[in-house]
Amino acid sequence: MSEVEITLREAIPEDAEKLLQVSRKIAEETDFLIMDEAGLGLNEEMLGLQLADLYESENNLLLLAFMDEEIVGMTSVKSASEFTVAHIGELGISVLKEFWGIGLGTALLDEVLYWSENSSPLRRVELTVQKRNQRAIHLYQKFGFIIEAVMERGARDAQGEFLDVLLMSKLIH
């Protein structure tokens, strides 16, 4: 792939339709996600409302990567509102297959961690990743995430085989 220009910005309610479409496509392209083809489980209107809430939240973020007005990747940090756990954000990253290997995952992770460290009340970012997804694990470790646990049978593949899932985390500040 030749050089591409990618724009990153926070998701807004008007992104709901494109976000649903790209989420379905990403779920079809990879079996590394915990989510399947059913995707987000929301209709466009409900997702739009959720995006509005996310945009206003200080401890939640949905960052979209665009190329030519089309979403090609995304990263999110989701946190609970309860005081006792509001400092913990659950990280997710997904990228369309044709954009794998060009550094987009690195750029998304870099940006979301910058936000976590400088613009949020988060003090811990955690994620789950299938143990067989070595590219993703390497990326997370490069950014300082550590493996805290192996969750045996943490997911299943399309054939019903159980898969181990790693819990990884990074402390902020």
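Keep in mind it's a predicted model, so treat the numbers as computed, not measured.

**Thoughts on the pairing of strand β7 (residues 162-171)**
Right, on to step 1. Pairing geometry for strand β5 (residues 124-130) and β7, over seven bridges, is antiparallel. Across the sheet, R124 pairs through a bridge with L171, a residue of β7.
Right, on to step 2. Two successive antiparallel strands, strand β6 (residues 146-156) and β7, enclose a turn made up of five residues, where G160 displays a positive phi of approximately 90 degrees.

**Here we look at the packing of aromatic side chains**
Right, on to step 1. This structure, assessed with the given rule, holds one aromatic pair.
Right, on to step 2. In this structure, R153 is placed above the aromatic ring of F162, and the distance from its NZ or CZ to the ring centre is 4.9 Å.

**Here we look at the sheet that holds strand β3 (residues 70-79)**
Right, on to step 1. One open sheet holds the seven strands; their spatial order is β1-β2-β3-β4-β5-β7-β6, and the pairing between them is mixed. Of all strands in the sheet, those bounded by a partner on one side alone are β1 (7-10) and β6. When the angles between neighbouring strand axes are averaged without regard to direction, this sheet yields 25 degrees.

**Things to note about the environment of E45**
Right, on to step 1. The residue E45 is located in helix α2 (residues 44-56) in this model.
Right, on to step 2. For the pair E45 and E17, spaced 28 residues apart in sequence, the C-alpha to C-alpha distance is 8.7 Å.

**What about the packing of helix α3 (residues 104-118) against helix α4 (residues 134-142)?**
Right, on to step 1. In the contact formed by α3 and α4, the axes pass within 11 Å of each other and the chain directions differ by 40 degrees. One way to sum up the angle between α3 and α4 is to call them oblique. Crossing hand, α3 versus α4: right-handed. For the pair α3 and α4, contact is made by G105, T106 and L109 and by L139, Y140 and K142, respectively.
Right, on to step 2. A per-class count over the contact of α3 with α4 returns three nonpolar, two polar and one charged.

**Concerning α3**
Because an α-helix packs 3.6 residues into every turn, residues spaced three or four apart end up facing the same way.
Right, on to step 1. The end-to-end C-alpha distance of α3, which contains 15 residues, comes to 21 Å, matching closely the 21 Å that a straight helix rising 1.5 Å per residue would cover.
Right, on to step 2. Along α3, the residues that are buried comprise L104, G105, L108, L109, V112, L113, W115 and S116. With its buried residues spanning 155 degrees around the axis, α3 presents them on a single face.

**A closer look at unusual backbone geometry**
Right, on to step 1. With a phi close to 50 degrees, D68 is a non-glycine residue in the positive phi region.
Right, on to step 2. Structurally, D68 can be placed in the loop between β2 (61-67) and β3.
Right, on to step 3. Even without being glycine, H173 reaches a positive phi, approximately 65 degrees.
Right, on to step 4. Mapping H173 onto the fold places it in the segment after β7.
Right, on to step 5. The class for H173 is exposed, based on a relative accessible area of 68%.

The rules behind each value
- Residues numbered from 1 in each chain as written.
- Predicted model: local features only at pLDDT ≥ 70, side-chain atom pairs only at ≥ 80, totals over all residues.
- Heavy atoms only, no water.
- Pairing = 2+ DSSP bridges.
- Helix = DSSP H or I, 4+ residues; strand = E, 2+ residues; numbered from the N terminus.
- Phe/Tyr/Trp six-rings, centres within 6.5 Å; stacked < 30°, edge-to-face > 60°.
- Lys NZ or Arg CZ within 6 Å of the ring centre and 35° of its normal.
- Axes fitted to C-alpha atoms, helices over the stretch in contact; angles between N-to-C directions.
- Parallel < 35°, antiparallel > 145°, perpendicular 65-115°, else oblique.
- Left-handed = near helix turned anticlockwise from the far one by under 90°.
- Contact = heavy atoms within 4.5 Å.
- Nonpolar A, V, L, I, M, F, W, Y, C, P; charged D, E, K, R; others polar.
- Expected span 1.5 Å × (residues − 1).
- Buried < 20%, exposed > 50% of the residue type's maximum accessible area, 1.4 Å probe, protein only.
- Arc of directions from axis to C-beta.

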